[in-house]
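Below are the chains, spelled out letter by letter.
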Amino acid sequence: MTHHKHPFQRPVSRREMLDICKCGFGSVAMVSLFGSLLPSCSNATRGKDDLINHLTRGSIAPGFIPKAKNIIFLYMDGGVSQVDSFDPKPRLEKENGSDPSSKFKVDATQFNNVGKILKSPWSFSKHGECGMDVSELFPHIATCVDDMALIRSMVSNFPEHTNANYFLHTGSGLQGRPSMGAWVNYGLGSENNNLPGYVLLDGGLIPPGGLDNFKNGFLPAAFQSSILHTGAEPIANIKPIDSIAGIQEEKLAFLKRRDKTLLSSLGAADEVESAISNYEMAYKMQSSIPELTDFKEESEAIKKLYGLDSQDPHTRSYGAQCLMARRLVERGVRFIELTCPSVGNGADRWDQHANLKLGHESNAHAVDQPIAGLLKDLKLRGLLDETLVVWTGEFGRTPFAQGDDGRDHNPSAFSMWMAGGGVKGGTIFGTTDDYGYRVVDNPVTIHDLHATMLHLLGVDHKQLTFRFGGRDFRLTDVHGNVVKDILA
Amino acid sequence: MQEVPDLYMFFGRFHPLFVHLPIGILVFALIFELYLRWKPNASLHAVLPIVWGLAALSSVLSALSGYILSLGGGYNEEILSLHKIGGITLSILSICCFILAFYRLPWLASYRKTTQKIVLSSIAVFLLLTGHWGGTLTHGNDYLMEYAPFVQTDSTSKLDHASRISSLDSADIFKDAVQPIVQSKCVSCHNAEKKKGGLLLTSYEEMLAGGKTKAGIIPGNTATSEIFRRITLPPSHKEFMPTGGKKPLTENQIAILEWWIDQGAQRNMMISSMKPNKHIQDIFSDFFQLGRDAILSYAAKPASSEALSDLLKAGFQVHAISESNNLLEVKYSGPSNEKINLSLLEPIKDQLVWLQLINCGVTDEDLKLIGGLSNLYKLNLNRNKISDRGFNELIRLPKVEYLNLYGTLVSDSAINQLVTLPKLKKLYVWESRVDSLGIEAGKRANPKVDIVYKLN
């Protein structure tokens, strides 16, 4: 290209702009937020110099002391029914079988196959010192309620999975925005140089909307999620193929020399630099991942706690993912998301448009014991003080039937809970109407949830911005209020 | 106030720009003259007229633009007239020096040395005074000395009102909340010396009265209260206050002013008697820093970069826990075969508030050093082979709130000691040598400590 010959006249290329954005805006935003190491500048010595600079320079803007350092996001794909889990509604029992439109205004639903008011097939009982109501679906989680803050007044903007998933994960209903895990890593960096800072533990089900739920969007590519699968080989080619020691290192060193030569002839080229650091990260992960996924140092009691000895293969699988999540937290990974296992029985996800009883029971059985195990294990190790565990679906379900034994999507009210770092355990926040159909008090939006999560990490959601396409973007766009009532 | 034509005013506004030229040139000229007296040099002497010529020209330009700027009004008259006299005198003196240097007048030759002494020293004195008066006009009276060491300043200006309020019941809405906010964000421009826009904000009456344009505050009506309108405009708006890149009011501060105005802008009233709702109570709690974590009141000087780079080289992770207070978290996570060098932590003792040494061969000996890290709020030593002998060293930690000793050899007798730590809130001792009897005894000794030791 001709403009390379005129270094003082040429306009800034897209590639250089990206480079500037990566380590320029990124570090500036980060310094003002937390002052930690930016992983995209992952070249080790450079990173350390940056860290020293960040740590020793004067303050730019007030960040604040975080309550939590990591987030484990337990994503309940498909939408758990709030009236069958955490929001008991006796009135459904009384009016079971009556026509919902004679009781309240019924919104259009996805399938518009509106049946009768449907009581919960499960009974509720009070648990813990706080006396939180939990249904029979979650006997294990019910033992942890004193560590959980329950929000019964969640609302979403979208009644359909794909948009609602994008909204929950990226703060926008449209495809292509950065996921919350990418934002967190952009803002705070990773504590571990040998592992990516945003890990998706794939339980078997990739949610509607696909991997765009977990991408970096316009943020630098280093911030997207890395996916670990269940099973023997969590990442392809994680075992070195070369059998003779040293061969792989030599190959990589040669590759790096070639890349560096190319780089020196090109000037700043984000792609080549990224490729070099990718190879380095991949090499490091060949030792860090097997160490991570090897559970031999875990005691039998702990494995049992997570349900690794369960009869149900899905419980075992999700239990292994939960245990992995704890191990990732111990290694300083900032944001870990777990997707649901595929439980079969024609009941994939929590999306029970029909056959509510079987579907919700299979899903609940797969996740209940592992999640309770995770909370208890984190607490025993003192990690729950610095880890925020978030449990939520993308929306809730209708209090009336779809057909006669299912429930349709309901974005107007659903329940979610958080536990751990900075959360006031045993809190119940927000209320729904007598049917659990709409929020009547203290609605909490997805933006509010994001603002609260960032707040607990010591980040002001209004300060975490990235300039793209001519304006500053935030995870919370122009919305979001921290839900202070659930904070300790 | 006189009407000043726009073009004049435009020129006048250049005063802050011009004014630094004569300051620099005059200081340079004075040093130059002193040097020439010390080491006379004919060729350098020839430069003197140029230097004094520039000094005279820039002084006159500054004085002229300053005079025009002063016509715009809004300044403290007394200091303004002093500043004006100083500026004009400096211009005249510089012109004199220029003439002295340029025309080497024969009749002056005999008095030359004395004249020069008098003129030069008066320039030095006037330069200092005029500069100071000018600074007082722009930045306010207490700007210079506000952060000076060993000077007792007005306590409200540094926002330490918060420490005086121990509960909402003892706080007065105006005296303890509104006035400190206004004092910290507005008074540097709206005081007796500067009076920008004709607005004074040093007392209750002045706030209500407002300035040139409108009344400042209309009790019960935020929409027509000019002060409230100005502080809630978008920051890019030209009428936004505070202006000139000064720190805007925080959300909480605005919310407090809004609530105060809505409630009738009372002059004397206890906040609790005004029946604030839960939301407003939370805002005030935040504002008065009630019930907040102890660590939030602690800050340190920045750590030395050598100490930090030594730690990083030795394999420690170092993280700043927030940007504003220079506090650090240090983490070392094993398993590690080498003995880690904990003495590297001593140079950052003041900054080190969170320390995690996990599964990395810490011994009882090492705890002597750790026990001396007196600013630790959070200490995590899980999975190290440390025993009761070492834990006695930790009793010295005055601030520690979180102590994680799971997987160590801690036993019942150490628990009894550890729960006496004055600030301790959480103690983790799972997989150690404690049993339920020891835990019970510990809980009796200090019921405030949450001891986690087994699955429940």
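Computed from a prediction, not measured in an experiment: that's the story for all the values here.

## Here we look at the overall build of chain A
Move 1: For chain A, the helix and strand inventory stands at 11 helices and 17 strands.
Move 2: Evaluated residue by residue, chain A yields a buried proportion of 52% over its 488 residues.
Move 3: Partitioning the contacts of chain A with sequence separation of at least 6, the portion at a separation of at least 24 is 73%.

## Describing the overall build of chain B
Move 1: When its secondary structure is counted, chain B shows 18 helices and 7 strands.
Move 2: A compact globule built from 456 residues would reach a C-alpha radius of gyration of about 23 Å, whereas chain B, at 32 Å, exceeds it by more than 25%.
Move 3: Dimensions of chain B along its principal axes, counting C-alpha atoms only, are 105 × 65 × 35 Å.
Move 4: Looking at chain B as a whole, 34% of its 456 residues qualify as buried.
Move 5: A separation of at least 24 residues holds for 63% of the contacts in chain B among residues at least 6 apart in sequence.

## What to know about the domain arrangement of chain B
Move 1: Assigned domains of chain B: these are domain 1 (6-139), domain 2 (155-292) and domain 3 (305-452).
Move 2: One C-alpha centre belongs to domain 2 of chain B, the other to domain 3 of chain B; they are set 44 Å apart.

## Looking at the pairing of strand β3 (residues 124-127) of chain A
All names here are of chain A.
Move 1: Pairing geometry for β3 and strand β4 (residues 132-135), over 4 bridges, is antiparallel. The partner of Phe124 across the bridge, within β4, is Ser135.
Move 2: Between the antiparallel neighbours β3 and β4 lie 4 residues, among them Gly128 with a positive phi of about 70 degrees.

## Observations concerning the sheet that holds strand β6 (residues 426-428) of chain B
All names here are of chain B.
Move 1: Spatially, 7 strands are ordered β1-β2-β3-β4-β5-β6-β7 in an open sheet, and the strand pairing comes out mixed. In this open sheet, the two edge strands, each paired with only one partner strand, are β1 (317-320) and β7 (450-452). Between one strand axis and the next, the sheet turns by 10 degrees as a mean value, whatever way the strands run.
Move 2: In terms of strand pairing, β1 meets strand β2 (residues 328-333) through 4 bridges, oriented antiparallel. Residue Val318 lies in a different strand from β2, and its bridge partner there is Val330.

## Overview of helix α12 (residues 251-262) of chain B
Residues and elements named next belong to chain B.
Move 1: Compared with the 16 Å implied by 1.5 Å per residue over 12 residues, the 16 Å span of α12 between its first and last C-alpha is a close match.
Move 2: The complete set of buried residues in α12 reads Gln253, Ile256, Leu257, Trp259, Trp260 and Ile261.
Move 3: Residues of α12 that are buried sit in contact with α9 (173-185), α11 (226-232) and α13 (278-287).
Move 4: With its phi angle positive at about 100 degrees, Gly264 sits one or two positions after the end of α12.

## Description of the nonpolar core
Move 1: If you look at the biggest cluster of nonpolar residues, it comprises 102 residues, and the most contacted ones within it are Leu74, Ala325 and Ile336 of chain A.
Move 2: With near-sequence residues (within four places) excluded, Leu74 of chain A lies in contact with Leu338, Ile371, Val389, Val390 and Trp391 of chain A.
Move 3: Leu311, Phe316, Tyr332 and Leu421 of chain B belong to the second-largest nonpolar core, a separate cluster that totals 56 residues.

## A short note on the environment of Gln417 of chain B
Residues and elements named next belong to chain B.
Move 1: With respect to the helices and strands, Gln417 occurs in helix α17 (residues 412-418).
Move 2: As a C-alpha pair, Gln417 and Leu369 span 48 residues in sequence and 18 Å in three-dimensional space.
Move 3: When sequence neighbours within four positions are dropped, the list of residues in contact with Gln417 reads Phe391, Asn392 and Ile395.

## Structural notes on the sheet that holds strand β13 (residues 427-429) of chain A
Residues and elements named next belong to chain A.
Move 1: Strand order in this open sheet of 8 strands is β7-β6-β8-β1-β9-β12-β5-β13, and the pairing throughout is mixed. Bordering the open sheet on either side are β7 (226-229) and β13, each of which pairs with just one other strand. Put simply, the sheet's adjacent strands are angled 15 degrees from each other on average, direction ignored.
Move 2: For strand β5 (residues 148-154) and strand β12 (residues 414-420), the ladder comprises 5 bridges, and the chain directions are antiparallel. Residue pairing in the sheet places Ala149 in a bridge with Met418 of β12.
Move 3: Strand contacts of helix α5 (residues 180-188): β1 (70-75), β6 (198-202) and β8 (335-338), with the helix running at about 170 degrees to β8, the strand carrying the most contacts.
Move 4: Each of β1, β6, β8 and β9 (387-392) touches helix α9 (residues 313-330); the most contacted strand, β8, lies at about 175 degrees to it.

## Quick word on the packing of α12 of chain B against α13 of chain B
Residues and elements named next belong to chain B.
Move 1: It is the contact of α12 with α13, at a shortest axis distance of 10 Å, that shows an interaxial angle of 130 degrees. The pairing of α12 with α13 is recorded here as oblique in orientation. In this structure, the crossing between α12 and α13 has a hand that is left-handed. When α12 is examined against α13, the residues Asn252, Ala255, Ile256 and Trp259 are found in contact with a partner set consisting of Ile280, Ile283, Asp286 and Phe287.
Move 2: Its residues placed into classes, the contact of α12 with α13 shows 6 nonpolar, 1 polar and 1 charged.

## Let's talk about unusual backbone geometry
Move 1: The peptide bond linking Met241 of chain B to Pro242 of chain B adopts the cis configuration, its omega dihedral lying at -5 degrees.
Move 2: With respect to the helices and strands, the residue Pro242 of chain B is situated in the loop between α11 and α12.
Move 3: Cis rather than trans, the peptide bond between Gly334 of chain B and Pro335 of chain B has omega equal to 0 degrees.
Move 4: Secondary-structure assignment places Pro335 of chain B in the loop between β2 and β3 (352-358).
Move 5: Its identity is not glycine, yet Asn355 of chain A carries a phi of approximately 55 degrees, on the positive side.

## Structural notes on helix α6 (residues 247-266) of chain A
Move 1: Spanning 20 residues, α6 of chain A covers 29 Å between terminal C-alpha atoms, matching the ideal 28 Å at 1.5 Å per step.
Move 2: Looking one or two residues beyond α6 of chain A, the residue adopting positive phi is Gly267 of chain A, at roughly 80 degrees.

## Some remarks on the pairing of β1 of chain A
Residue and element names in this part refer to chain A.
Move 1: When you tally the buried positions in β1, you get 6 out of 6 residues, the bulk of the element.
Move 2: The alternating pattern of β1 places Asn70, Ile72 and Leu74 and Ile71, Phe73 and Tyr75 on opposite faces, both of which are buried.
Move 3: As paired strands, β1 and β9 are joined by 6 bridges and run parallel to one another. Looking at β9, one finds that Tyr75 is bridged to Thr392.
Move 4: Of the pairings in the sheet, the one linking β1 to β8 comprises 4 bridges and is parallel in character. Bridge pairing in β8 links Phe73 to Glu337.

## Some remarks on the packing of helix α6 (residues 77-103) of chain B against helix α7 (residues 112-139) of chain B
Describing two packed helices takes the angle between their axes plus the distance from one axis to the other.
Residue and element names in this part refer to chain B.
Move 1: Between α6 and α7, whose axes approach to 9 Å, the crossing angle comes to 145 degrees. Judged by the sense of rotation from one axis to the other, the crossing of α6 with α7 is left-handed. Of the residues in α7, those touching α6 at Ile79, Leu80, Leu82, His83, Gly86, Gly87, Thr89, Leu90, Leu93, Cys96 and Cys97 are Val119, Ser122, Ile123, Phe126, Leu127, Leu129, Thr130, Trp133, Gly134, Thr136 and Leu137.
Move 2: Tallied by class, the residues present in the contact of α6 with α7 amount to 14 nonpolar, 8 polar and no charged.

## A word on the confidence of the model for chain A
Residues and elements named next belong to chain A.
Move 1: Per-residue confidence for chain A gives a mean pLDDT of 85; residues scoring 70 or more make up 86%.
Move 2: Summarising per-element confidence for chain A, the mean pLDDT is lowest in helix α2 (residues 44-56) (38) and highest in β9 (98).
Move 3: Low pLDDT (under 50) marks residues 1-10, which in the prediction has 1 contact with non-local residues, meaning those over four places away or in another chain.
Move 4: The low-confidence segment residues 24-62, where pLDDT is below 50, has 91 contacts with residues more than four positions distant or belonging to other chains.

Reading guide: rules and limits
Residues numbered from 1 in each chain as written. Chains lettered and ligands numbered in written order. Predicted model: local features only at pLDDT ≥ 70, side-chain atom pairs only at ≥ 80, totals over all residues. Helix = DSSP H or I, 4+ residues; strand = E, 2+ residues; numbered from the N terminus. Buried ≥ 20, exposed ≤ 12 C-beta atoms within 10 Å, placed from the backbone. Contact = placed C-beta atoms within 7 Å. Rg over C-alpha atoms; globule rule 2.2 N^0.38 Å. Domains from an automatic or database assignment. Pairing = 2+ DSSP bridges. Axes fitted to C-alpha atoms, helices over the stretch in contact; angles between N-to-C directions. Expected span 1.5 Å × (residues − 1). Core = buried A, V, L, I, M, F, W, Y, C linked by C-beta atoms within 7 Å. Parallel < 35°, antiparallel > 145°, perpendicular 65-115°, else oblique. Left-handed = near helix turned anticlockwise from the far one by under 90°. Nonpolar A, V, L, I, M, F, W, Y, C, P; charged D, E, K, R; others polar. pLDDT = per-residue confidence, 0-100.

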